[in-house]
2 protein chains.
Amino acid sequence: MPDSAIRPRKEFGKTIAADITHRLREEIIACALPPGEPLRFDVLRERFGASFTTLREALTALAAEGLVDAQEQRGFRVAPVSRQDLIEITDARVLVEVELIRRSIQRGDDDWEIAVISTLHRLKRIEQRDPEHPLRDPEWKIAHRQFHQALVSACGTATLLAIRAELFDRAERYRHLSANFRPRPRDKAGEHQAIMQAAISRNADLAVQLIETHIRSTADNVATYAAHLLDTE
Amino acid sequence: MPDSAIRPRKEFGKTIAADITHRLREEIIACALPPGEPLRFDVLRERFGASFTTLREALTALAAEGLVDAQEQRGFRVAPVSRQDLIEITDARVLVEVELIRRSIQRGDDDWEIAVISTLHRLKRIEQRDPEHPLRDPEWKIAHRQFHQALVSACGTATLLAIRAELFDRAERYRHLSANFRPRPRDKAGEHQAIMQAAISRNADLAVQLIETHIRSTADNVATYAAHLLDTE
DNA sequence: TCAACCCATATTTTCGAAAATCATACCGTT
DNA sequence: AACGGTATGATTTTCGAAAATATGGGTTGA
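Residues numbered from 1 in each chain as written. Chains lettered and ligands numbered in written order. Predicted model: local features only at pLDDT ≥ 70, side-chain atom pairs only at ≥ 80, totals over all residues. Heavy atoms only, no water.

In the annotation of an unreviewed UniProt entry, the entry for chain A reads GntR family transcriptional regulator, and the organism field reads Bradyrhizobium nitroreducens.

Structure (structure tokens):
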């Protein structure tokens, strides 16, 4: 079946709807679709080559994830940003991530340690190779995400992991929001290294403290350098 | 415009999709649609009088909430239940609810106290009036939900409240699952009273401890009396 | 001048037919 | 009998037209 010739665009997921959900999510997180932007069906239809209903399904899913704002009978728009929302996401992330790190440190086996070490290694390699602004490098983004994912991967609870993933996405959108205005990234490499060491040495209290600082200082940075985007809404 | 004559069914939400999402959610939580049940479009179409795409949108939303399981290209089914899932939901609820109770106790004003007291009062009235099995009484269900909602309503973070609401729904489904097999409800009235008093007297540590016990003992009850439904899956 | 109303247009929302995909039973071959 | 492939029916998934609803502008009347 030469289906790739007939329908070339179905990279992620088996259905078109799942595929578009994925692509839209990426664009919203990257702020290629800026916060508050109206999502009109005519435009999306042309952009993604899908029908009304398929797009509607994707937007509904993203609305449940908090990346899209559904206004009944008045369409959809990219979820707006606000200082309050950033604070709430940050607090929620700390609450969940701290719990998951503790569980992972308690339950993690050899494979977990290897995953943590190797994902950090890859992250550092990318940072060395290309000292540019990390958030503009798609590879860095993926590696960064995978390192943090690895840290909590041994927690043993899919429910909290799913919640964590949602919050991570929403937070990453804010990081992108400020990426264009942040003068130079702070020393994340050192922080990641310290977190890895605390985790591998099973020092849960230290790891938790480092993670909380990591999350909160990132959010503070965003709040500082994207201030002009957060208050005028 | 006599729209009620033309389209009588749009009780919750402005759009049909939102309405059906709501109705389906209720039925799944109440186990009127049992766990694992395939959700075929033909059947749903007749049951809810909506078209394929509208139903699809509703199911997609519920899948994001964890009440429906979407199997790509193979349709939807009511999310299955399992002992592990119950444990995870319970742990997640404790984590979130404890945080929200603390915040509410710290921030709650007079209106919050009034809401807590009055929702508990209504709950007790319903329990006195009708000593039957509470979970079979829709009024009790609503009052119970509203009491717990009131307790955390002053927390000041919509993000965590939304997560809490999702987890509450998923847990309530498990309560319904065991309701038909539980011989007699334990003394919830006393527990609720104690929680209310701890909250109003701003004794956060006690309130947190009571809530955790409340949530966990309910889950234990479910695990005991619905054991035959949790292991054979 | 201003508000209220109605109309025209833009946009969303819903529908059922049509296409794509999956599941099953059947058949032929080994 | 076991296996692999294929046709068939059942089901999901997608599409674009049509209905429903919102938006904006212009007119009227006070």
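We are not done yet, so read on.
Focus: the domain arrangement of chain A
Residues and elements named next belong to chain A. Each domain of chain A was delimited in the assignment, giving domain 1 (3-78) and domain 2 (83-231). Each of domain 1 and domain 2 has a C-alpha centre, and the two are 26 Å apart. Across the contact, eleven residues belong to domain 1 and eight residues belong to domain 2. Between domain 1 and domain 2 the total buried area reaches about 790 Å² when both faces are included, carbon and sulfur atoms providing 63% of it. Elements that contribute at least two residues to the side of domain 1 that touches domain 2 include exactly helix H2 (16-29) and helix H4 (52-65). (Domains from an automatic or database assignment. Contact = heavy atoms within 4.5 Å. Buried area = accessible area lost by both parts, 1.4 Å probe. Helix = DSSP H or I, 4+ residues; strand = E, 2+ residues; numbered from the N terminus.)

Some details on the protein's contact with DNA strand D
As a structural note, the neighbourhood of DNA strand D is formed by 24 residues, with A:Ile16, A:Thr53, A:Arg74, B:Arg56 and B:Gln73 the closest of them. In this structure, a phosphate oxygen belonging to DNA strand D sits 3.5 Å away from a main-chain N or O atom of A:Ala17. Secondary structure elements with two or more residues in the surface near DNA strand D: H2 and H4 of chain A together with helix H4 (52-65) of chain B. Split by residue class, the surface near DNA strand D holds eight nonpolar, nine polar and seven charged. (Near = heavy atom within 4 Å. Polar contact = N/O pair within 3.5 Å; in protein donor to acceptor, adjacent residues only side chain to side chain. Nonpolar A, V, L, I, M, F, W, Y, C, P; charged D, E, K, R; others polar.)

With respect to the packing of helix H7 (residues 138-152) of chain A against helix H8 (residues 158-179) of chain A
Residue and element names in this part refer to chain A. Viewed as axis vectors pointing N to C, H7 and H8 meet at an angle of 150 degrees, and their least axial separation amounts to 12 Å. With respect to their mutual orientation, H7 and H8 come out roughly antiparallel. Handedness of the crossing formed by H7 with H8: right-handed. Contacts from Lys141, His144, Arg145, His148, Gln149 and Val152 of H7 reach H8 at Leu161, Arg164, Phe168, Asp169, Glu172, Arg175 and His176. (Axes fitted to C-alpha atoms, helices over the stretch in contact; angles between N-to-C directions. Parallel < 35°, antiparallel > 145°, perpendicular 65-115°, else oblique. Left-handed = near helix turned anticlockwise from the far one by under 90°.)

Focus: the interface of chain B and chain A
The interface of chain B with chain A comprises 30 residues on the first partner and 30 residues on the second. For the pair chain B and chain A, the summed buried area comes to about 2,500 Å², and 57% of that belongs to carbon and sulfur atoms. The tally of links from chain B across to chain A stands at four salt bridges. Here A:Arg56 and B:Glu57 are joined by a salt bridge, their closest N and O atoms 2.6 Å apart. Linking chain B with chain A are 14 residue pairs in polar contact (both at pLDDT 80 or more), by the criterion used here. When contributions to the side of chain B that touches chain A are tallied by element, the ones reaching two or more residues are H4, helix H5 (83-107) and helix H8 (158-179) of chain B. Broken down by element, the residue count for the side of chain B that touches chain A peaks at nine residues, all from H5(B). Tallied by class, residues from the side of chain B that touches chain A come to ten nonpolar, nine polar and eleven charged. (Salt bridge = Lys/Arg side-chain N within 4 Å of Asp/Glu carboxyl O.)

Side note on the protein's contact with DNA strand C
Around DNA strand C, 25 residues are found, and the nearest of them are A:Arg56, A:Gln73, B:Ile16, B:Thr53 and B:Arg74. Sugar and phosphate atoms form 79% of the subset of DNA strand C atoms that lie within 4 Å of the protein. Take B:Ala17: an N or O atom from its main chain is 3.5 Å from a phosphate oxygen of DNA strand C. In the environment of DNA strand C, a phosphate oxygen lies 3.0 Å from a nitrogen or oxygen atom belonging to the side chain of B:Arg74.

A short note on the pattern of salt bridges
Tallying each qualifying case throughout the model produces 34 salt bridges over all chains. For B:Arg129, the salt bridge identified is with B:Asp137, shortest N-O distance 3.8 Å. The salt bridge involving B:Glu212 is made with B:Arg216; its shortest N-O contact spans 2.9 Å. With a gap of four residues between them, B:Glu212 and B:Arg216 both fall in helix H10 (residues 204-225), about one helical turn apart. Given the relative accessible area of 30%, B:Arg216 is considered partly exposed. If you follow the salt bridges from partner to partner, you end up with A:Asp91, A:Glu212, A:Arg216, B:Glu99 and B:Arg103 in one network. (Buried < 20%, exposed > 50% of the residue type's maximum accessible area, 1.4 Å probe, protein only.)

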